[in-house]
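Read off the chains here:
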Amino acid sequence: VRLVARLDDGLGELKRRRQAAQRLFEDWLPLNSALGGKEGKSLRNMAQVFTLRILLSNADRRLQRLTGKYRLRCGGDSLAILVEDMEMNVLRPATTLSGGECFMVSLALALGLSDMMRGGRGSEMLFIDEGFGTLDQQALDSVISMLEKLHLQGRKVGIISHVPELAERISAKILVRKCAGDNTRSEVLVQGD
């Protein structure tokens, strides 16, 4: 009888522990679902989409100053970047952009990212390497005006380019030229401020 009573007590204790564990499991289940398991995949994806939306909002403001033709959008809850063509009233993936369009969007994204960083330890310097040759004259004028405004706001913008129209409009330059008669050496000339 004592053995049966001890077994009943032990079984009762196991049932109470199981019920307590089940309640604890049910308490944590919503959080587990929200986080996406022990890896936190859902939370990571949510944070990435949230950050991308902030970046696209900043970049979109910059893109509006460059051209009123395009708007940047986040592809729902994915990390896809969509470009809305306001003139053609069409939404398309960023992968379908032409060279000039891609340059404008890339520049806007770089400036948008820089804007995000400015609240913290952001860099005041921006380097742009090429892409200017893909722009038509109107787009080139818009980009140069935007870069001149950034310079007036105290931002340092370094441009690497071979486009003559760009070189004419920039007063401070570092020019790298091959030495006459010697293809193995170059000279560096500093012009302007």
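Remember, predicted model here, so these are calculated numbers, not experimental data.

## Re the overall build of the protein chain
Here's step 1: Counting its secondary structure elements, the protein chain contains 5 helices and 7 strands.
Here's step 2: For the protein chain, the α and β elements follow one another from N to C terminus as α-α-β-β-β-α-β-α-β-α-β-β.
Here's step 3: A compact globule built from 193 residues would reach a C-alpha radius of gyration of about 16 Å, whereas the protein chain, at 29 Å, exceeds it by more than 25%.
Here's step 4: Its C-alpha atoms give the protein chain principal-axis dimensions of about 110 × 45 × 30 Å.

## Overview of the nonpolar core
Soluble, globular proteins show a tendency: their nonpolar side chains are buried together.
Here's step 1: Ranked by internal contacts, the top residues of the largest apolar core, which has 32 residues, are Leu72, Leu107, Phe132, Leu135 and Val143.
Here's step 2: Every element with two or more residues in this core is listed here: helix H2 (41-66), strand E1 (70-74), helix H3 (99-118), strand E4 (125-129) and helix H4 (137-152).
Here's step 3: Contact partners of Leu107, with chain neighbours within four places excluded, come to Leu66, Leu126, Ile128, Val143 and Leu147.

## Structural notes on the sheet that holds strand E2 (residues 81-85)
Here's step 1: Strand order in the open sheet made by the 3 strands is E1-E2-E3, with antiparallel pairing throughout. Strands at the two margins of the open sheet, each flanked by one partner only, are E1 and strand E3 (90-93). The average angle at which neighbouring strand axes cross in this sheet is 30 degrees, direction not considered.
Here's step 2: As paired elements, E1 and E2 share 5 bridges and run antiparallel to each other. Of the residues in E2, the one forming a bridge with Cys74 is Ile81.

## Here's the deal with the packing of H2 against H4
Here's step 1: One way to put it is that H2 packs onto H4 with a least axis distance of 9 Å and a crossing angle of 120 degrees. The angle between H2 and H4 falls in the class oblique. Here Arg62, Arg65 and Leu66 of H2 come into contact with H4, specifically with Ser142, Val143, Met146 and Leu150.
Here's step 2: Partitioned by chemical class, the residues of the contact of H2 with H4 number 4 nonpolar, 1 polar and 2 charged.

## Quick word on the environment of Val188
Here's step 1: Looking at the element boundaries, Val188 is found in strand E7 (residues 182-191).
Here's step 2: With 77 residues separating them in the primary sequence, Val188 and Leu111 have C-alpha atoms 29 Å apart.
Here's step 3: If we ignore the near neighbours within four places in the chain, the residues touching Val188 are Ile174, Leu175 and Val176.

## Focus on the confidence of the model for the protein chain
Here's step 1: When pLDDT is averaged across the protein chain, the result is 81; 92% of the residues are at 70 or more.
Here's step 2: Across the protein chain, E2 holds the top mean pLDDT of 92, while E4 sits lowest at 72.

## What about the pairing of E1?
Here's step 1: Because side chains alternate across E1, one face comprises the buried residues Tyr70, Leu72 and Cys74, and the other comprises Arg71 and Arg73, none of which is buried.
Here's step 2: The antiparallel hairpin formed by E1 and E2 contains 6 residues in its connecting segment, where Gly76 sits at a positive phi of about 65 degrees.

## Details of the pattern of salt bridges
Side chains that differ in charge, positive against negative, can pair when their charged atoms come close.
Here's step 1: Counted under the stated rule, the structure contains 6 salt bridges.
Here's step 2: The partner of Arg17 in a salt bridge is Glu13, with the nearest N and O atoms 3.4 Å apart. Within this pair, Arg17 and its partner Glu13 are both found in helix H1 (residues 2-35), separated by 4 residues, close to a single helical turn.
Here's step 3: Of the residues examined, Arg17 reaches a relative accessible area of 56% and is grouped as exposed.
Here's step 4: Exposure remark for Glu13: the relative accessible area of 33% places this residue in the partly exposed category.
Here's step 5: Across the pair Glu87 and Lys69 runs a salt bridge, and its minimum N-O distance is 3.8 Å.

The rules behind these values
- Residues numbered from 1 in each chain as written.
- Predicted model: local features only at pLDDT ≥ 70, side-chain atom pairs only at ≥ 80, totals over all residues.
- Heavy atoms only, no water.
- Helix = DSSP H or I, 4+ residues; strand = E, 2+ residues; numbered from the N terminus.
- Rg over C-alpha atoms; globule rule 2.2 N^0.38 Å.
- Core = buried A, V, L, I, M, F, W, Y, C linked by side-chain atoms within 4.5 Å.
- Buried < 20%, exposed > 50% of the residue type's maximum accessible area, 1.4 Å probe, protein only.
- Contact = heavy atoms within 4.5 Å.
- Pairing = 2+ DSSP bridges.
- Axes fitted to C-alpha atoms, helices over the stretch in contact; angles between N-to-C directions.
- Parallel < 35°, antiparallel > 145°, perpendicular 65-115°, else oblique.
- Nonpolar A, V, L, I, M, F, W, Y, C, P; charged D, E, K, R; others polar.
- pLDDT = per-residue confidence, 0-100.
- Salt bridge = Lys/Arg side-chain N within 4 Å of Asp/Glu carboxyl O.

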